Amino acid sequence: MLNMQQKLDLIKNLGRPTIREYIPLIFKDFVELHGDRYFGDDPAILGGICMLGDTPVTVVSQVRAGDITELQRINFSMPHPEGYRKALRLARQAEKFKRPFICFIDTPGAFCGVGAEERGQGEAIARNLHEFMMLKTPVISVVLGEGGSGGALALGVCDELAMLENALYSVISPKGFASILWKDGSREREAAELMKITAEDLKRFGVCDKIIAEPEGGAAKDVSLTASNIGLWLSETIGKLCREDFNMLPEKRYQKFRKIGIFSE
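Quick look at the structure, then. (Residues numbered from 1 in each chain as written. Predicted model: local features only at pLDDT ≥ 70, side-chain atom pairs only at ≥ 80, totals over all residues. Heavy atoms only, no water.)

### Focus on the nonpolar core
Among the nonpolar cores identified, the biggest contains 64 residues, and Y22, F27, F101, F104 and L234 are the most heavily contacted of them. With seven residues, the top contributor of residues to this core is helix α11 (residues 223-241). Once residues within four sequence positions are removed from consideration, F104 is found in contact with I19, F27, V59, V60, S61, Q62, V142, L144, L155, I230 and L234. (Core = buried A, V, L, I, M, F, W, Y, C linked by side-chain atoms within 4.5 Å. Buried < 20%, exposed > 50% of the residue type's maximum accessible area, 1.4 Å probe, protein only. Helix = DSSP H or I, 4+ residues; strand = E, 2+ residues; numbered from the N terminus. Contact = heavy atoms within 4.5 Å.)

So this is what it looks like as structure tokens:
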């Protein structure tokens, strides 16, 4: 098992597999769809329709990059509000046609620039949280690498949540945590240890439903094997959820989130 420093290094490495590598290995006949029908298209969020085995599904994912040029094009994996509105448009479409809706999470957080705030970044994330909770179709989320802040949670309201073995999922990025608490972003690794944000931690807390195995040394060591593990879990989970009454899914989803967390008086 890797330690926290190794996990952080893995998920920030430009060589870690991205959604563009996983899609052709997991799905068939992927057709990308663009735009939020309000402002424009956000390359930091990829969405489209495809087949998982014999089941038509909708897929939405935050995009990571393999090089600096791509990183700049996707705004360092930090979506704008139009990205979240694109995701919501595709979620509503999935509900209309009774397609399972699959979200892949891989972002340090939503972009907080002036333009994004002017176009309603907070409102876009909040609306996703509200409307994803009410979708009458199966919603499944997988954390591929870094799942940071509300930017990740905007695709994380789901019936089943899985995390890759070395992924991290948190209410704020470790660097943001360190910057706020200690005014020192360089203490990122120390913050990550305190936050309890690994797949093992979150499985124990009831946030994560499944830990998906990676090859020894990380997903990049064998992308096909990692993709196969993801695809197998998706097929099993979607098969189970599709046997349920879709009208009852919002209430079950609500109860799932009501039970998350530990408190004391």
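### So, unusual backbone geometry
Glycine aside, residues mostly have negative phi, and peptide bonds are mostly found in the trans state. The phi torsion at S77 lies on the positive side, around 65 degrees, for a residue other than glycine. Within the secondary structure, S77 sits in the loop between α3 (68-73) and α4 (81-96). In the Ramachandran plot, K196 falls in the positive-phi region, its phi being about 55 degrees despite a non-glycine side chain. Relative to the assigned elements, K196 resides in the loop between α9 (188-195) and α10 (199-205).

### Concerning helix α1 (residues 4-12)
Side chains of residues three or four places apart in an α-helix project in the same direction, reflecting 3.6 residues per turn. Regarding α1, the residues found buried are M4, K7, L8, L10 and I11. Viewed end-on, α1 has its buried residues packed into an arc of 165 degrees, placing them on one side of the element. Measuring from the side-chain oxygen of the N-cap residue of α1 to the backbone nitrogen of Q5 gives 3.2 Å; that N-cap residue is N3. (Arc of directions from axis to C-beta. Polar contact = N/O pair within 3.5 Å; in protein donor to acceptor, adjacent residues only side chain to side chain.)

### Quick look at the packing of aromatic side chains
A complete count under the given rule lists three aromatic pairs for this structure. Measuring from ring centre to ring centre gives 5.5 Å for F101 and F132, while their planes differ by 85 degrees; the resulting arrangement is edge-to-face. Of the two residues, F101 sits in strand β4 (residues 101-107) while F132 sits in helix α6 (residues 121-134), which places them 31 residues apart along the sequence. A residue is classified by how much of its surface remains accessible, and F132, at 0% relative accessible area, is buried. Between F177 and W182, the ring centres sit 5.9 Å apart and the planes meet at 75 degrees, which makes this aromatic pair edge-to-face. Residue F177 is classed as partly exposed on the basis of its relative accessible area of 23%. (Phe/Tyr/Trp six-rings, centres within 6.5 Å; stacked < 30°, edge-to-face > 60°.)

### Focus on the pattern of salt bridges
With the rule as written, the count across this model stands at 20 salt bridges. As a salt-bridge pair, E70 and R73 come within 3.1 Å of each other at their nearest N and O atoms. Of this pair, E70 and R73 both sit in helix α3, three residues apart, which is roughly one turn of the helix. Residue classification places R73 among the partly exposed residues on the basis of a relative accessible area of 43%. Across the salt bridge formed by R253 and D159, the nearest N and O atoms sit 2.9 Å from each other. In this pair, R253 sits in helix α12 (residues 249-258) while D159 sits in the loop between α7 (149-153) and β6 (160-164), placing the two residues 94 residues apart along the sequence. The same class applies to R253 as to D159, namely buried. (Salt bridge = Lys/Arg side-chain N within 4 Å of Asp/Glu carboxyl O.)

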